[in-house]
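Structure at a glance
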Amino acid sequence: MQKINSSSQHKLNLPQPSEAALANSQQLLHLIQSEIDANNGCIAFSRYMELALYTPRLGYYSGGSTKLGVDGDFTTAPEISSLFGSTLAQTISQLFQQTSHQIIEFGAGTGKLAFDILSECQLSNISINRYFIVELSGELRARQEERLKNFPEVVWLDQMPTEFTGVIIGNEVLDAMPVELIVKANDAWQVLGVCRDAQQTTGLNLTPMPDSFAVATELVAQIPFAAELPANYITEVHPISLGFMRSIAAMMQQGKTRSGLGSACIWIDYGFPSHEYYLAQRERGTLMCHYRHHAHPDPFYLPGLQDITAHVDFTAVAVAGVQSGLDLLSYTSQASFLLASGITDILSRIPIEDNQRYLPAANATQKLTSPAEMGELFKVLILGCGIELDDALATKLLPYDRSHRL
């Protein structure tokens with residue numbers, strides 16, 4: 001079986017980290033190695049990913065380094081243009097007609113999306129009572145608090161509430177949740193774990209976990225036509241994000257029980273439906289890492305200093321929501337969603353003769369909607385509890401709806 005081994009920085013040709021950053025990464029690596037040693041020499045990849053991303057003070061999302069923008073490791077849609085958040089706010093305002101005027105955002109990043117949504121609400125006289133942010137990163141929360149200091153309706157939460165009515169949003173949240181890696185060894189599937197590389201003193205690699213056939217059989221149920229995939233096929237499955245989706249559904253249902261009001265959740269991320277996700281030619285899965293605007297496939301490079309993500313299986317997420325009592329309202333591409341929601345109308349607010357403002361905004365719109373950029377790879381999934389898309393929004397989205405492809 002082909003293994004994923006840790007790579008040298010020279011081999012990857014990535015920017016040199018600072019001495020302090022490298023020391024933090026080494027500290028996290030030693031912590032991971034200690035946990036491996038304490039668990040008979042192997043831990044599940046999902047546990048490794050959790051440690052690499054969320055270990056307090058040392059994990060990628062829990063440390064103090066800049067994550068987003070020019071000085072970070074990647075750029076998200078809200079960082080590209082305020083048009084993204086403004087357009088989303090218009091869709092949220094239509095959903096507010098059937099629910100309480102509250103938003104809860106998971107993984108709010110720098111707070112840019114919240115800022116743009118709240119600014120559009122002020123500009124368009126959209127009433128909003130509370131904007132909750134659930135944030136695990138201390139560094140990101142501090143940046144959010146500074147950016148959103150003039151919006152008293154913003155409230156930070158340390159954990160998901162047990163009940164909620166309103167609109168739930170998550171932009172590039174599901175892709176950052178730890179995944180399990182599995183491999184098809186001949187006709188049986190096994191879970192891949194992380195162990196020390198016997199050839200290196202500090203290296204890590206993947207190896208099949210002993211006695212994991214039964215667990216892998218449960219995980220592989222997410223994969224259509226799994227029996228037809230070739231031997232040595234490695235891919236990721238998403239039990240943590242599916243569990244998160246079930247918790248979201250329970251929160252929405254409890255909110256409806258207590259208040260009688262429905263709610264909706266909007267997930268925007270890169271990914272595919274299952275039948276496109278698990279293709280035979282995608283034999284190494286979709287796992288990808290981001291460091292200083294460089295993308296590469298090695299999850300063991302400088303743990304704590306790089307993002308580790310996997311594409312979203314939108315079929316599995318939708319099924320988890322529907323099986324938990326939610327309704328599938330819409331599934332489409334980011335381009336179709338933004339265009340149907342009026343991004344060009346918002347762009348038209350800028351006079352076309354104002355080159356300094358209009359040209360950058362038009363270029364950003366192109367990047368957000370072009371199939372060659374973010375428009376096709378990113379999808380938008382909307383699930384509801386006791387709520388429907390109003391006629392105006394449904395009419396705009398229906399021609400682009402891809403729910404039948406899930």
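See the structure printed just above.
Everything numeric in this text was worked out from a predicted model, so none of it was measured.

1. Here we look at the overall build of the protein chain
When helices and strands are counted, the protein chain shows 15 helices and 16 strands. In the protein chain, which comprises 406 residues, the share counted as buried stands at 57%. The contacts in the protein chain between residues at least 6 apart in sequence include a share of 77% that link residues at least 24 apart. As presented, the protein chain carries roughly 17,300 Å² of accessible surface, and 50% of it is formed by carbon and sulfur atoms. Charged side chains of the protein chain number 26 positive and 42 negative; the gap between the two group centres comes to 2 Å.

2. Let's talk about helix α6 (residues 112-123)
In this model α6 runs 16 Å from its N-terminal to its C-terminal C-alpha over 12 residues, within 8% of the 16 Å that 1.5 Å per residue would give. The set of residues buried in α6 consists of Lys112, Leu113, Ala114, Asp116, Ile117, Leu118, Glu120 and Cys121. Backbone geometry just downstream of α6 places Asn125 in the positive-phi region, at approximately 55 degrees.

3. Comments concerning the sheet that holds strand β13 (residues 307-309)
Read from one edge of the open sheet, 3 strands run β12-β11-β13, paired in antiparallel fashion. Looking at strand neighbours, the two that pair on one side only are β12 (294-296) and β13, the edges of this open sheet. Shown here is a sheet whose adjacent strand axes are inclined to one another by a mean of 25 degrees, direction ignored. The pairing of strand β11 (residues 288-291) with β13 spans 3 bridges and is classified as antiparallel. Its bridge partner lying in β13, His290 is registered against Asp307.

4. Describing the pattern of salt bridges
Within the structure shown, the criterion is met by 13 salt bridges. Shared partners join several salt bridges into a network, and the residues in it are Glu35, Arg47 and Glu50.

5. Quick word on the side chain of Glu105
Assignment of secondary structure puts Glu105 in strand β2 (residues 102-106). Despite its burial, Glu105 pairs with no opposite charge, the nearest such side chain being Arg147 at 10 Å. With near-sequence residues (within four places) excluded, Glu105 lies in contact with Leu113, Ala114, Tyr131, Phe132, Ile133, Val134 and Ile169.

6. What about the pairing of strand β4 (residues 154-157)?
Judged by which residues are buried, β4 turns out to be one-sided: Val154 and Trp156 face inward and are buried, whereas Val155 and Leu157, on the alternate face, are not. Sheet topology note: the strand β3 (residues 130-134)/β4 ladder contains 4 bridges and is parallel. If you follow Tyr131 over to β4, its bridge partner there is Val154. Crossover handedness for the path β3 to helix α7 (residues 138-147) to β4: right-handed.

7. Considering the packing of aromatic side chains
Using the criterion set out here, one finds 14 aromatic pairs in the structure. Plain terms: the ring middles of Tyr270 and Phe378 are 5.4 Å apart, the flat faces sit at 75 degrees to each other, and that makes the pair edge-to-face. With Tyr270 in strand β10 (residues 263-272) and Phe378 in strand β16 (residues 378-385), this pair connects stretches of sequence that are 108 residues apart. Here Tyr270 matches Phe378 in class, with each residue buried. Measuring from ring centre to ring centre gives 6.2 Å for Phe272 and Tyr277, while their planes differ by 80 degrees; the resulting arrangement is edge-to-face. The same class applies to Phe272 as to Tyr277, namely buried.

8. A short note on unusual backbone geometry
The backbone of Asn40 shows a phi angle near 55 degrees, a positive value even though the residue is not glycine. Along the chain, Asn40 falls in the loop between α2 (19-38) and β1 (43-44). Despite not being glycine, Phe225 has its phi angle at roughly 55 degrees, a positive value. In this structure, Phe225 sits in the loop between α8 (213-219) and β9 (234-237). For Phe225, a relative accessible area of 60% gives the class exposed.

9. Re the nonpolar core
Ranked by internal contacts, the top residues of the largest apolar core, which has 48 residues, are Leu88, Ile117, Tyr131, Ile169 and Ile266. The biggest single contributor to this core is helix α5 (residues 82-95), with 6 residues. Setting aside chain neighbours within four positions, we find Ile266 in contact with Leu88, Leu95, Val167, Ile168, Ile169, Gly170, Val380, Leu381 and Ile382. Ile36, Cys42, Val183 and Ala310 belong to the second-largest nonpolar core, a separate cluster that totals 45 residues.

So, how was this worked out
Counting restarts for each chain, with residues numbered from 1 along the sequence as it is written. Per-residue local features are limited, in this predicted model, to residues with pLDDT of at least 70; the limit for side-chain atom pairs, both in listing and counting, is 80 or more; totals at the level of whole chains, interfaces and linings are taken over all residues. Excluding hydrogens and water, the side-chain figures rest on all heavy atoms present in the structure. The helix count covers DSSP runs of H or I at least four residues long, the strand count covers runs of E at least two residues long, and both are numbered beginning at the N terminus. Type-normalised accessible area, obtained with a 1.4 Å probe on protein chains alone, sets the label of each residue: buried when under 20%, exposed when over 50%, and partly exposed for intermediate values. For this analysis, residues touch if any pair of their heavy atoms sits within 4.5 Å. Only the protein chains shown count as cover for residues, and the accessible areas themselves come from Shrake-Rupley with a 1.4 Å probe. Positive charges come from Lys and Arg, negative ones from Asp and Glu, while His and the chain ends are left out of the count. To locate a charge, take NZ of a lysine, CZ of an arginine, CG of an aspartate or CD of a glutamate. Multiplying one less than the number of residues by 1.5 Å gives the expected span of a helix. If DSSP finds at least two bridges between two strands, the strands pair. Helix axes are fitted to C-alpha atoms over the stretch in contact, other axes to C-alpha atoms as well, and angles between N-to-C directions run from 0 to 180 degrees. In the sections that follow, a salt bridge refers to a side-chain nitrogen of Lys or Arg positioned within 4 Å of a carboxyl oxygen of Asp or Glu. Assignment of crossover handedness uses the view with strands pointing away from the viewer, where a clockwise path from the first strand over the helix to the second indicates a right-handed crossover. Planes of paired rings set the category: under 30 degrees apart is stacked, over 60 is edge-to-face and the rest tilted, where pairs are Phe, Tyr or Trp rings (Trp by its six-membered ring) whose centres lie within 6.5 Å. What is meant by a nonpolar core is a set of buried Ala, Val, Leu, Ile, Met, Phe, Trp, Tyr and Cys residues, joined one to another through side-chain atoms within 4.5 Å.

These values are about where atoms sit, not about what they do.
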